[in-house]
Amino acid sequence: MENMVLESLKTRRSVRSYSERPIEQDKLDAILEAATYAPTGMGRQSPVIVLVQDPELVKKISGLNAAVMGKTDVDPFYGAPVVAIVFGNKEAAPTWFEDACLVAGNLLNAAHAVGVDSCYIYRAKEAFSSEEGLALMKSWGLDENYVGVANCILGYGAGDAPAAKPRKQDYVIRV
């Protein structure tokens, strides 16, 4: 079956090398809007997305992420110019974590659909549990009920996206 949405879902890849080329505002707006349409438990729309475009702040947050890894000489954001951090509100819904993951998934897929590369970077929970991370959250108006779930880096790849790995045989079990 041919379908543009299905094709986009199958061709999205995680990109780990970025150019400095900025993302067009209309594309960023479309990506963020699509992310807000992710399903959420009881329709509560509990996640929050913090969009960071300031290069110094992106670098600072990348450094927090690297510190969680125990490394100071790496950029876990691979030079991406934008990071969209998805936070879940643990008091808003029992499905707060799953809701935030679905928002991140929509965000990554929407980025690919408009020609923007992306990668899901872990360690948001740990980075934003640090003193510095909590201070950033407070400056953004987020209280202790919010938990970092995903760092979604965005930009234009500096090279070709990797090829897809073959899908495993037993991915789907039909009963």
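Use the structure listed above.
Residues numbered from 1 in each chain as written. Predicted model: local features only at pLDDT ≥ 70, side-chain atom pairs only at ≥ 80, totals over all residues. Heavy atoms only, no water.

Student: I would appreciate a short explanation of the overall build of the protein chain in the present structure.
Tutor: Helices and strands together make up the secondary structure of the protein chain, namely 6 helices and 4 strands. Scanning the protein chain from its N terminus toward the C terminus, one meets helices and strands in the order α-α-β-α-β-α-β-α-α-β. Since a compact globule built from 175 residues should have a radius of gyration of about 16 Å, the 16 Å found for the protein chain is in line with a globular shape. C-alpha extents for the protein chain along the principal axes are approximately 50 × 40 × 35 Å. By the burial criterion, 37% of the 175 residues in the protein chain qualify as buried. Within the protein chain, contacts between residues separated by at least 24 positions form 84% of all contacts whose residues are at least 6 apart in sequence. Of the roughly 10500 Å² of accessible surface on the protein chain, a fraction of 53% belongs to carbon and sulfur atoms. (Helix = DSSP H or I, 4+ residues; strand = E, 2+ residues; numbered from the N terminus. Rg over C-alpha atoms; globule rule 2.2 N^0.38 Å. Buried < 20%, exposed > 50% of the residue type's maximum accessible area, 1.4 Å probe, protein only. Contact = heavy atoms within 4.5 Å. Areas by Shrake-Rupley, 256 points an atom, 1.4 Å probe, with all protein chains shown as cover.)

Student: What exactly am I supposed to notice about the state of the cysteines here?
Tutor: As used in these notes, a disulfide is a covalent bond between sulfur atoms, one from each of two cysteines. A complete count under the given rule lists 0 disulfides for this structure. Considering cysteine sulfurs only, Cys152 is the nearest to Cys101, which forms no disulfide, with 9.5 Å between them. Looking at Cys152, it has no disulfide partner, and the nearest cysteine sulfur is the one in Cys119, 9.0 Å off. (Disulfide = S-S within 2.5 Å.)

Student: So what exactly am I meant to see when it comes to the sheet that holds strand β3 (residues 117-121) here?
Tutor: The strands that make up a sheet are held in pairs by hydrogen bonds between backbone atoms, and each pair lies either parallel or antiparallel. Reading across the sheet, the 4 strands line up as β1-β2-β4-β3 and stay open at both edges, with antiparallel pairing between neighbours. In this open sheet, the two strands that pair with only one neighbour each are β1 (48-52) and β3. Each adjacent strand pair in this sheet contributes to an overall mean axis angle of 25 degrees, direction not counted. Pairing analysis gives 5 bridges linking β1 to strand β2 (residues 82-89), with the strands arranged antiparallel. Residue Leu51 lies in a different strand from β2, and its bridge partner there is Ala84. Strands β1, β2, β3 and β4 (146-155) of the sheet are contacted by helix α3 (residues 55-69), whose axis makes an angle of about 120 degrees with β1. (Pairing = 2+ DSSP bridges. Axes fitted to C-alpha atoms, helices over the stretch in contact; angles between N-to-C directions.)

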